Amino acid sequence: MDRYYYIAYNLNGRRKMGTFKGREDALWLSLKTEGYYISRYRKVINLKKGIKKSSYKDLEILCLNLKLMIGSGVSLLSSLNIIQEGIENMSVKNSILEICKSLKDGKSLSQSFLSYPNIYPRMFIQMIKVGEDSGRLEDSFKILGDYYKKQQKLKSKLINALSYPVVLMITVIIMFFFITIKVIPNFMTLLENNVQELPLYTKAILSISSFISAKWYLIVIILILNVLLVLFNYKRSYMSNFLISRIKTVKEFYNIKFIMSLRVLIESGNTIINSIEKCTNMFEENNYKKDLNLIVADIKKGRSLYKAFKRSGLFNSISLAILKVGEESGNLEESLNHIEEIMLVNYEKKIEKNLNIIQPVSLIIVGGMILTLVITLVLPMINGLTSIS
């Protein structure tokens, strides 16, 4: 059902404003019955229907465009109206249109963005508020634009690192089914006709092939259900917690994201404790949030930032040494920036190394499947034909 916001007046000049649920003609009829005539009305866009959260790329483009246009002297309202025309994400586009209306009604930019917490991250809105209060909104958008650009790059690297093993696994499964259902049954007839006594391992392979050929649809259903179960558990944070605790690449991804966010928040004038608490709220994974909460608790007890970070066990000795120097010298922001750069370089090297390892492993797996086929099927057939001759 559509919702409309309206302003109406009666013949005595009394104003009435509010929202109405229903059809447009029903709105006019309802107010006319009460003796009111509509002066202005608009349809309220329901962003909860088919809502799509803003991506790092959406936020990067939005921030850098706003920084450029505000720096060029274009008003904030005009900048938003121009920028929304080039946005493809409809949730972001519609929210910008509504934000423009909120600005016309006298709301601040941060208050307007705050109406859409499901689209824009909390840190994004907090940084805009800091820029408004300090009168350095252009600088806030520059910091945010650079931040989301790095986050997008970091996320792409993680996806590349995890997608290759997944593609390899799918390829191996497809090859296994093809060999089991199409190749092995062709050998079965030849072996039964030419070999009197089959080896035990060959009989086992033939039995497995017969079972899979007859029940392949059940196996496919089980695989699909397992994939759906994994995705469901990831949404419930169980699987994401497991990935962070077990897969080092994923844990390092979160560490870099945390350091990036911490640096940006401290640069914007937040205290260390306040910055870490805000970073904690950015993460949905309970295990990682628990580690960050322990850091906050240690600092509140009077421990130094270096000791709190060391007790968490999240960072290596090099990062901790740089953090200690920055804390003692008063150049914490510079130290965090240096840690971020080192972690990014190491992360890229580790991903490249993992991919270089996966490539020969994939060849070994495929080669092992072919070798198994030769040993269990081809050799018994050759031996059988040799004995007959």
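Below: a short report on this structure. (Residues numbered from 1 in each chain as written. Predicted model: local features only at pLDDT ≥ 70, side-chain atom pairs only at ≥ 80, totals over all residues. Heavy atoms only, no water.)

Describing the overall build of the protein
Then, in step 1: A count of helices and strands for the protein gives 15 helices and three strands.
Then, in step 2: Counting the 389 residues in the protein, one finds 38% classified as buried.
Then, in step 3: For the protein, the proportion of contacts with a sequence separation of at least 24, taken over those separated by at least 6, is 59%.
Then, in step 4: With an accessible surface of roughly 23,000 Å², the protein has 59% of that area assigned to carbon and sulfur atoms. (Helix = DSSP H or I, 4+ residues; strand = E, 2+ residues; numbered from the N terminus. Buried < 20%, exposed > 50% of the residue type's maximum accessible area, 1.4 Å probe, protein only. Contact = heavy atoms within 4.5 Å. Areas by Shrake-Rupley, 256 points an atom, 1.4 Å probe, with all protein chains shown as cover.)

A few points about the nonpolar core
In globular proteins that are soluble, nonpolar side chains generally tend to be buried together.
Then, in step 1: Core analysis: the biggest nonpolar cluster contains 67 residues, and Ile 96, Phe 113, Tyr 120, Phe 124, Phe 258 and Phe 309 have the highest contact counts within it.
Then, in step 2: Dropping the residues within four chain positions of it, Phe 258 is found in contact with Ile 276, Cys 279, Phe 283, Tyr 288, Leu 292, Phe 309 and Phe 315.
Then, in step 3: Counting ten residues, the second-largest nonpolar core is a separate cluster that includes Leu 168, Ile 184, Leu 206 and Met 369. (Core = buried A, V, L, I, M, F, W, Y, C linked by side-chain atoms within 4.5 Å.)

Details of the side chain of Ser 319
Then, in step 1: By secondary structure assignment, the location of Ser 319 is in helix H14 (residues 317–329).
Then, in step 2: Under the relative-accessibility criterion, Ser 319 is labelled buried at 6%.
Then, in step 3: Contacts of Ser 319, omitting those with residues within four sequence positions, involve Ile 339 and Met 343.

Looking at the packing of aromatic side chains
Then, in step 1: Within this structure, the stated rule accounts for eleven aromatic pairs.
Then, in step 2: A ring pair is formed by Tyr 120 and Phe 124, whose centres lie 5.5 Å apart and whose planes are at 20°; its orientation type is stacked. Comparing Tyr 120 with Phe 124 shows no difference in burial state: the two are buried.
Then, in step 3: Each ring, one from Phe 309 and one from Phe 315, has its centre 5.3 Å from the other, and the planes form 25°; the classification is stacked. Across the pair, exposure class does not vary: Phe 309 and Phe 315 are buried alike.
Then, in step 4: Grouping aromatic residues by their ring pairs yields a cluster made of Tyr 56, Phe 113, Tyr 120, Phe 124, Tyr 147 and Tyr 148.
Then, in step 5: Directly above the aromatic system of Tyr 306 lies the positively charged group of Lys 324, at a separation of 4.9 Å from the ring centroid. (Phe/Tyr/Trp six-rings, centres within 6.5 Å; stacked < 30°, edge-to-face > 60°. Lys NZ or Arg CZ within 6 Å of the ring centre and 35° of its normal.)

A short note on the pairing of strand S2 (residues 15–21)
Two faces make up the sheet, and in a regular strand the side chains alternate between them.
Then, in step 1: For strand S1 (residues 3–9) and S2, the ladder comprises seven bridges, and the chain directions are antiparallel. Its bridge partner being in S2, Ile 7 is matched across the sheet by Met 17.
Then, in step 2: The turn linking S1 back onto S2 is made up of five residues, and Gly 13 within it adopts a positive phi angle of 85°. (Pairing = 2+ DSSP bridges.)

Remarks on empty space enclosed by the protein
Then, in step 1: Scanning the model with the defined rule gives one cavity of 30 Å³ or more in all.
Then, in step 2: Approximately 40 Å³ is the volume found for the largest cavity.
Then, in step 3: At the level of elements, H14 and helix H15 (332–388) are the ones that each hand at least two residues to the lining of the largest cavity.
Then, in step 4: If you tally residues by element for the lining of the largest cavity, the top one is H14, at three residues.
Then, in step 5: Taken together, the residues of the lining of the largest cavity sort by class into seven nonpolar, one polar and no charged. (1 Å grid on protein atoms, 1.4 Å probe; cavity = no way out; pocket = protein on both sides within 12 Å on 5 of 7 lines; lining within 4 Å. Points joined across faces, edges and corners; volume = space filled by probe spheres on them. Nonpolar A, V, L, I, M, F, W, Y, C, P; charged D, E, K, R; others polar.)

Digging into the packing of helix H3 (residues 76–84) against helix H4 (residues 90–104)
Then, in step 1: Between H3 and H4, whose axes approach to 9 Å, the crossing angle comes to 160°. The angle between H3 and H4 places the two elements in the roughly antiparallel class. Considering the relative orientation of H3 and H4, their crossing is left-handed. In this structure, H3 uses Leu 76, Leu 77, Leu 80, Asn 81 and Gln 84 to contact H4, whose residues at the interface are Lys 93, Ile 96, Leu 97, Ile 99, Cys 100, Leu 103 and Lys 104.
Then, in step 2: Taken together, the residues of the contact of H3 with H4 sort by class into eight nonpolar, two polar and two charged. (Axes fitted to C-alpha atoms, helices over the stretch in contact; angles between N-to-C directions. Parallel < 35°, antiparallel > 145°, perpendicular 65-115°, else oblique. Left-handed = near helix turned anticlockwise from the far one by under 90°.)

Examining the environment of Ile 99
Then, in step 1: Locating Ile 99 in the fold gives a position in helix H4.
Then, in step 2: Taking C-alpha positions, Ile 99 is 9.0 Å from Leu 77, a pair spaced 22 residues apart along the chain.
Then, in step 3: Setting aside anything within four residues of it in sequence, one finds Ile 99 in contact with Leu 80, Leu 109, Ser 112, Phe 113, Tyr 116 and Tyr 120.

Focus on a nonpolar patch on the surface
Then, in step 1: Taken together, the side chains of Trp 216, Tyr 217, Leu 218, Val 220, Ile 221, Ile 224, Leu 225 and Leu 228 define a hydrophobic patch exposed on the protein surface, amounting to about 740 Å² of accessible area.
Then, in step 2: Mapped onto the fold, Val 220 is located in helix H8 (residues 200–235). (Patch = residues over 30% accessible without salt bridge, like charges linked within 9 Å, V, L, I, M, F, W, Y side chains within 5 Å. Salt bridge = Lys/Arg side-chain N within 4 Å of Asp/Glu carboxyl O.)

Some words on the packing of helix H12 (residues 286–300) against helix H13 (residues 305–312)
Each pair of packed helices can be summarised by the angle the axes make with each other and by the distance between the axes.
Then, in step 1: Here H12 crosses H13 at 150°, and the two axes come no closer than 9 Å. In this structure, H12 crosses over H13, and the sense of that crossing is right-handed. Counting all contacts with H12, which are made through Asp 291, Ile 295, Asp 298 and Ile 299, the residues of H13 involved are Leu 305, Ala 308, Phe 309, Arg 311 and Ser 312.
Then, in step 2: Tallied by class, residues from the contact of H12 with H13 come to five nonpolar, one polar and three charged.

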